[in-house]
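Examination of the molecular architecture
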Amino acid sequence: MTTDAGASPLDVQIDALKGGSADLSQYAGQAVLVVNVASKCGLTPQYTGLERLQERYAAQGFTVLGVPCNQFLGQEPGNAEEIAEFCSATYGVTFPLTEKVEVNGDDRHPLYQRLVGFADAEGHEGDIRWNFEKFLIGRDGSVVARFSPQTEPEAAEVVAAIEGQLN
């Protein structure tokens, strides 16, 4: 596994879902929850909790960053317009979404190259296990927490980690 130790994930170039740069540097000094998302997954209802986190903490310097990925059973098959429409119409998503990328394998996006070396509380590091794996980037630009796909966005440990970065 190749990771850029010490390099912030926010230094990576990635495009926004609707084109142009997502400009991750704009989130420097904020807490960012990076989540690989999919529209046709059993975990897709997590969009609701992610949006609630966005609404609850955005004014305190926090954002969710959704990263569409189609690597898990083709559960994000749509194009940019379809993904944006689904997220907006179905879940009222207001947080930013990036272009669709690969999170595992030889074509792993550089953003995920910088994330996967961080272990979660159970010690898992490396490849993304499924849609909705979550990484919390702290105000200093470093990865401070990783949560499994099954961990709900509003779980006590996720909320505590976010609030720890905002206080």
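Let us look at the structure shown here.

Criteria and thresholds
- Residues numbered from 1 in each chain as written.
- Predicted model: local features only at pLDDT ≥ 70, side-chain atom pairs only at ≥ 80, totals over all residues.
- Heavy atoms only, no water.
- Helix = DSSP H or I, 4+ residues; strand = E, 2+ residues; numbered from the N terminus.
- Contact = heavy atoms within 4.5 Å.
- Polar contact = N/O pair within 3.5 Å; in protein donor to acceptor, adjacent residues only side chain to side chain.

Looking at where Ser39 falls in the secondary structure, it is placed in the loop between strand S1 (31–37) and helix H1 (46–57). Residues Ser39 and Phe86, 47 residues apart in the sequence, show an inter-C-alpha distance of 7.3 Å. Beyond its immediate sequence surroundings of up to four residues, Ser39 is in contact with Thr44, Gln75, Glu76 and Phe86. A distance of 3.0 Å separates polar atoms of two side chains, one belonging to Ser39 and the other to Glu76.

In this section: unusual backbone geometry. The phi dihedral of Asp23 is positive, around 45°, even though this residue is not glycine. On the secondary structure map, Asp23 appears in the segment before S1. Although it is not a glycine, Phe132 sits at a positive phi angle of roughly 75°. On the secondary structure map, Phe132 appears in the loop between helix H3 (110–115) and strand S3 (134–137).

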